[in-house]
Amino acid sequence: DQQVKQNSPSLSVQEGRISILNCDYTNSMFDYFLWYKKYPAEGPTFLISISSIKDKNEDGRFTVFLNKSAKHLSLHIVPSQPGDSAVYFCAASAGGVQGAQKLVFGQGTRLTINP
Amino acid sequence: DAMVIQNPRYQVTQFGKPVTLSCSQTLNHNVMYWYQQKSSQAPKLLFHYYDKDFNNEADTPDNFQSRRPNTSFCFLDIRSPGLGDAAMYLCATSRRTGGKRFFGPGTRLTVL
């Protein structure tokens, strides 16, 4: 039962263009969402998060959008840079920022930025 | 730099031979987690410690055990590894409850 799904295993984008990574979830109790970035031979590192009371959160080149009615979130990277090439994981939890211990991860999307 | 360290980075064991993976942290976080990640799959939570309180996920096999002797260290013991246990094992920490995890680089386990 995959509660968090990233349906695109890979994505290729030209440098300077926008990268859009998508994530869908099925559990309506999820109210806190995060994106992690993973380089080869390293552990995932936190990128950006959003609470369900918001529909958008922005941090520099990274913006996360949340559509609660569609149970969908997306990560936008503008402009894309070669250093953004990595695997991106979407994750969700219930109980807010101070809530549940359990994060449920998606399978990841491998983003490749082409020069 | 405060960080999460995992040793070894690569571990090869034989079918049925017990193996222990190690995680240490300098972040002084209360919570330590162990995740299993198989190729092209989502990281799957095995269990976590909140201070000394152990919390096992319902679907974690009995073959997997954990120890946390102090705040800084946490171990993953696999009592009788099977071929299906070959995976990347990720240790993570967080300050208290909440979503932001700090991950170690992982240990890749190979079972022969």
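Every value quoted in this text rests on a predicted model; they were computed, and no experiment measured them.

> Would you take a moment to explain the overall build of chain A for this structure?
When you go through chain A residue by residue, the secondary structure sums to zero helices and 11 strands. The order of helices and strands in chain A, counted from the N terminus, is β-β-β-β-β-β-β-β-β-β-β. Relative to its length of 115 residues, chain A is compact, with a C-alpha radius of gyration of 13 Å against a globular reference of 13 Å. If you line up chain A on its principal axes, its C-alpha atoms span 40 × 25 × 25 Å. The buried share of chain A, reckoned over its 115 residues, is 45%. Within chain A, residue pairs in contact and separated by at least 24 positions form 56% of the contacts whose partners lie at least 6 positions apart. Between the centroid of the 11 positive side chains of chain A and the centroid of its 9 negative side chains there is a distance of 3 Å.

> It is not clear to me how the packing of aromatic side chains should be interpreted in this structure. Could you clarify?
Aromatic ring pairs are defined here through the distance separating the ring centres and the angle between the ring planes. Under the definition given, this model contains 14 aromatic pairs over all chains. On the basis of an interplanar angle of 85° and a centroid distance of 5.5 Å, the ring pair of Tyr 36 of chain A and Phe 103 of chain B is categorised as edge-to-face. With Tyr 36 of chain A in strand S4 (residues 30–38) and Phe 103 of chain B in strand S10 (residues 102–103), the pair connects residues from two separate chains. Given a relative accessible area of 0%, Tyr 36 of chain A falls into the buried group. Using a relative accessible area of 10% as the deciding quantity, one classes Phe 103 of chain B as buried. Members of the aromatic cluster, connected to one another through ring pairs, are Tyr 36, Phe 46, Phe 89 and Phe 105 of chain A together with Tyr 33, Tyr 35 and Phe 103 of chain B.

> Looking at this structure, how should I read the state of the cysteines?
Simply put, disulfide is the name for a covalent bond between the sulfur atoms of two cysteines. Residue and element names in this part refer to chain A. One pass over the structure, following the stated rule, counts two disulfides over all chains. One disulfide in the model links Cys 23 with Cys 90; its S-S distance is 2.0 Å. The sign of the S-S torsion, about -75°, decides the handedness of the disulfide formed by Cys 23 and Cys 90: left-handed. Residue Cys 23 is located in strand S3 (residues 19–25), and its partner Cys 90 is located in strand S9 (residues 86–94); the two are separated by 67 residues in the primary sequence. Here Cys 23 falls in the buried class, since its relative accessible area comes to 0%.

> For this particular structure, what's the right way to read the pattern of salt bridges?
Close approach of charged atoms allows side chains with opposite charge to pair. Scanning the model with the defined rule gives five salt bridges over all chains in all. Glu 58 of chain A is the salt-bridge partner of Lys 56 of chain A, the closest N and O atoms lying 4.0 Å from each other. For Asp 77 of chain B, the salt bridge is made with Arg 67 of chain B, and the minimal N-O distance between the two is 2.7 Å. Here Asp 77 of chain B is found in strand S8 (residues 73–78), whereas its partner Arg 67 of chain B is found in strand S7 (residues 64–67), with 10 residues between them in sequence. Residue classification places Arg 67 of chain B among the partly exposed positions, given a relative accessible area of 39%.

> Please clarify how the environment of Arg 61 of chain A should be interpreted in this entry.
Residue and element names in this part refer to chain A. Here Arg 61 lies in the loop between strand S6 (56–59) and strand S7 (62–67). A C-alpha to C-alpha distance of 29 Å links Arg 61 and Ser 28, two positions 33 residues apart in sequence. In contact with Arg 61, other than residues within four places in its own chain, are His 76, Ile 77, Val 78, Pro 79, Ser 80, Gln 81 and Asp 84.

Cut-off values and rules
- Numbering of residues begins from 1 in every chain and follows the order in which that chain's sequence is written.
- Whichever chain is written first is A, and whichever ligand is written first is 1; the rest continue in order.
- Note on the predicted model: pLDDT of at least 70 is required for a residue's local features to be given, and 80 or more for side-chain atom pairs to be given and counted; whole-chain, interface and lining totals, by contrast, use all residues.
- Here the side-chain values reflect all heavy atoms present in the structure, with hydrogen atoms and water set aside.
- Put simply, DSSP H or I for four residues or longer makes a helix, DSSP E for two residues or longer makes a strand, and each gets a number counted from the N terminus.
- Values of the radius of gyration come from C-alpha atoms, whereas the globule rule sets the reference at 2.2 Å times the count of residues to the power 0.38.
- Note on exposure labels: buried denotes an accessible area under 20% of the residue type's maximum, exposed denotes more than 50%, and partly exposed covers the range between, all computed with a 1.4 Å probe on protein chains only.
- Every residue pair with non-hydrogen atoms within 4.5 Å of one another is taken to be in contact.
- Only four residue types enter the tally: Lys and Arg on the positive side, Asp and Glu on the negative side; His and the chain ends are excluded.
- For charged residues, the charge sits on one atom: NZ in Lys, CZ in Arg, CG in Asp, CD in Glu.
- Working definition: rings of Phe, Tyr and Trp (its six-membered ring) pair if their centres are within 6.5 Å, and the pair is stacked with planes under 30 degrees apart, edge-to-face with planes over 60 apart, and tilted otherwise.
- For this text, the term disulfide refers to a pair of cysteine sulfurs within 2.5 Å.
- Here, a salt bridge means any Lys or Arg side-chain nitrogen found within 4 Å of an Asp or Glu carboxyl oxygen.

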